[in-house]
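# Close look at the chain arrangement
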Amino acid sequence: MAKVRLFIDHPLAAGQPVPLAAAQAHYLSGVMRMRQGDEIAVFNGHDGEWAARIVQAGKRGGELLALDQTAPQRNPPDLWLLFAPIKKARTDFIVEKAAEMGVSRILPVQTDFTNSERIRQDRLQAHAVEAAEQCGGTFVPTVDDLAPLARLLDGWDASRRILWADEAAAGPFDSMAGLPQGPWAVLIGPEGGFSQAERDRLRACPYVNSISLGPRILRADTAAVAALTLWQASLGDWKA
Ligand code: SAH
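Residues numbered from 1 in each chain as written. Predicted model: local features only at pLDDT ≥ 70, side-chain atom pairs only at ≥ 80, totals over all residues. Heavy atoms only, no water.

### Digging into helix 3 (residues 121–135)
Its 15 residues give helix 3 an end-to-end C-alpha distance of 21 Å, which sits within 8% of 21 Å, the value for a rise of 1.5 Å per residue. Within the sequence span of helix 3, burial applies to Leu 124, Gln 125, His 127, Ala 128, Val 129, Ala 131, Ala 132 and Glu 133. Next to the buried residues of helix 3 lie strand 1 (5–7), strand 3 (39–43), helix 2 (88–101) and strand 8 (142–143). (Helix = DSSP H or I, 4+ residues; strand = E, 2+ residues; numbered from the N terminus. Expected span 1.5 Å × (residues − 1). Buried < 20%, exposed > 50% of the residue type's maximum accessible area, 1.4 Å probe, protein only. Contact = heavy atoms within 4.5 Å.)

### So, the site of the ligand
Among the 19 residues in the neighbourhood of the ligand, the closest are listed as Ala 165, Glu 167, Glu 191, Leu 213 and Arg 216. Interatomic distance of 3.5 Å between a backbone N/O atom of Asp 166 and a nitrogen atom of the ligand. In the environment of the ligand, an oxygen atom lies 2.7 Å from a nitrogen or oxygen atom belonging to the side chain of Glu 167. In isolation the ligand has 560 Å² of accessible area, and contact with the protein removes 84% of it. Residue composition of the shell around the ligand, grouped by class: ten nonpolar, five polar and four charged. (Near = heavy atom within 4 Å. Polar contact = N/O pair within 3.5 Å; in protein donor to acceptor, adjacent residues only side chain to side chain. Areas by Shrake-Rupley, 256 points an atom, 1.4 Å probe, with all protein chains shown as cover. Nonpolar A, V, L, I, M, F, W, Y, C, P; charged D, E, K, R; others polar.)

### Description of the environment of Thr 229
Relative to the helices and strands, Thr 229 is located in helix 6 (residues 220–234). Residue Thr 229 is classed as partly exposed on the basis of its relative accessible area, which comes to 26%. Here the alpha-carbon distance between Thr 229 and Gly 102, two residues 127 residues apart in the chain, equals 9.7 Å. Ignoring sequence-local partners within four residues, the contact set of Thr 229 consists of Met 101 and Trp 238.

Here's what the structure looks like:
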């Protein structure tokens, strides 16, 4: 059976008591049928992974005891994902996959053709936590609130390059060789794609590189995973 892993928003050190929220205590006792003395793995996003023993877990809460560190902290590269939210289930998918693929920050952006005007930031953040628990990660990417793409570009730090998945560039894929290392953001548009005004603005930014994701038009959720794969393999922590 896979080891139970929980994200804990609490400092971790040997002998450290760790309070459990009611939902987590219920998950351990009611869902996983775990008992006092059983061991699980916990992480808090910055202290690596720790073995922890269940001291008590019931309906209303519980407590763990942190034992020892079982894996060092591992942070993803300095990679952001900017994406225009789409339908709920597909937006959830994008956040989950971005956390698995190793991004440090997820920024939902409102574009000219964005389908959805609102997001539930707290729900999306919870999806990122679940993805980290599930994929063995020790880091949880931050999910920002929805912000207009134009405003983000107004305040953009030009030392962070943008890898722009441009559906108008669909066709043969150009190698990513030659692109510089350093902080990056991947940008994925909504179902309607980017407007002419957005396209003109992005083309004029010296820190933007557009890429093709091949000859077919991908859905935004597929495009996000494809672009993150390309970046991780050529500039990120997949490469040798
Ligand atoms: N409605 C648009 C497609 C939008 S696809 C059209 O028909 O042109 C959603 C997003 O996925 C795009 O904005 C882009 O960021 C990305 N995307 C999808 N297919 C792509 C491709 N072949 N190359 C580059 N980006 C792509």
